[in-house]
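# Breakdown of the fold
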Amino acid sequence: MRRTCLPFLALVMIPALLCVDRVHAQHTGVTSSPYDVGLAFTVPGKVAKVFVQPGDRVQAGQVLVQLEAEEQLAALKLARLEATSTVGIQIAQQKLDRIELEMHHHRGLIHKHAAAPVEFQRASVAFKVAQLDLQEAQRRHEMAQHHYEQVKARHAQFTLVAPVDGLIEGITAREGQMINAGEPVLRLMQNDTLWADL
């Protein structure tokens, strides 16, 4: 019987060598996973809900554990509202359109000698100011969209999802428990590729 050394990943993801005997595929043995890690939050908090149990099979992207995030959720809703609102832009655009009409009106009166040139000059200045107001409204809207993306990213830190398809080996977190950032709350074993220790 020959012994063959195959590469695998240890629990801490350090490359190592595992020597196994090459035997017939029908022989029984113990299987281990090349992906077996503890998952943790990047922020501290209180566990609100644990959605899985040991032995559950999960898919990549599936929610596993949720921290309490009422304040973050409220901030997210407000940021979404500000990011999707275009009221400021609409008001600035209507003001610009109105002043533009006034400016054309004064120009027509000047041609008919029915108004002084100063009236047209005032309207021209007001038009330029209105253009700047519209640009500022557009800039604020863009900033609100960027802020929303930042708040959404922070809110996502309070939800732990499965990075890969796998099997829940164990759970240390309990609902209502306070946890620290980086503290493992469960172990996930990838189960699409298994190594046989025969």
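Residues numbered from 1 in each chain as written. Predicted model: local features only at pLDDT ≥ 70, side-chain atom pairs only at ≥ 80, totals over all residues. Heavy atoms only, no water.

Under the criterion given, the structure shown has eight salt bridges. For arginine 98, the salt bridge goes to glutamate 102, with nearest N and O atoms at 3.1 Å. Separated by four residues within a single helix, arginine 98 and glutamate 102 lie in helix 2 (residues 87-111), roughly one turn from each other. Here glutamate 102 falls in the partly exposed class, since its relative accessible area comes to 36%. A salt bridge links arginine 139 to glutamate 136; its shortest N-O distance comes to 2.5 Å. Taken together, the residues arginine 139 and glutamate 136, both in helix 3 (residues 117-156) and three residues apart, mark about one turn of the helix. Judged by relative accessible area, which is 27%, glutamate 136 ranks as partly exposed. A single salt-bridge network, built from bridges that share partners, covers Glu136, Arg139 and Arg140. (Salt bridge = Lys/Arg side-chain N within 4 Å of Asp/Glu carboxyl O. Helix = DSSP H or I, 4+ residues; strand = E, 2+ residues; numbered from the N terminus. Buried < 20%, exposed > 50% of the residue type's maximum accessible area, 1.4 Å probe, protein only.)

Moving on, we come to the packing of helix 2 against helix 3. At their nearest, the axes of helix 2 and helix 3 sit 8 Å apart, and the two run at 165° to each other. On the basis of their axis angle, the class for helix 2 and helix 3 is roughly antiparallel. For the pair helix 2 and helix 3, the sense of crossing is left-handed. Residue classes in the contact of helix 2 with helix 3 are distributed as 14 nonpolar, seven polar and five charged. (Axes fitted to C-alpha atoms, helices over the stretch in contact; angles between N-to-C directions. Parallel < 35°, antiparallel > 145°, perpendicular 65-115°, else oblique. Left-handed = near helix turned anticlockwise from the far one by under 90°. Nonpolar A, V, L, I, M, F, W, Y, C, P; charged D, E, K, R; others polar.)

Taken together, the four strands give an open sheet; going across it, the order is 8-7-5-10, and neighbouring strands pair in antiparallel fashion. Every interior strand has two partners, whereas the edge strands, strand 8 (159-161) and strand 10 (178-179), have only one. Judged from the two bridges that link them, strand 5 (residues 45-50) and strand 10 form a sheet pairing that is antiparallel. Bridge pairing in strand 10 links lysine 46 to methionine 178. (Pairing = 2+ DSSP bridges.)

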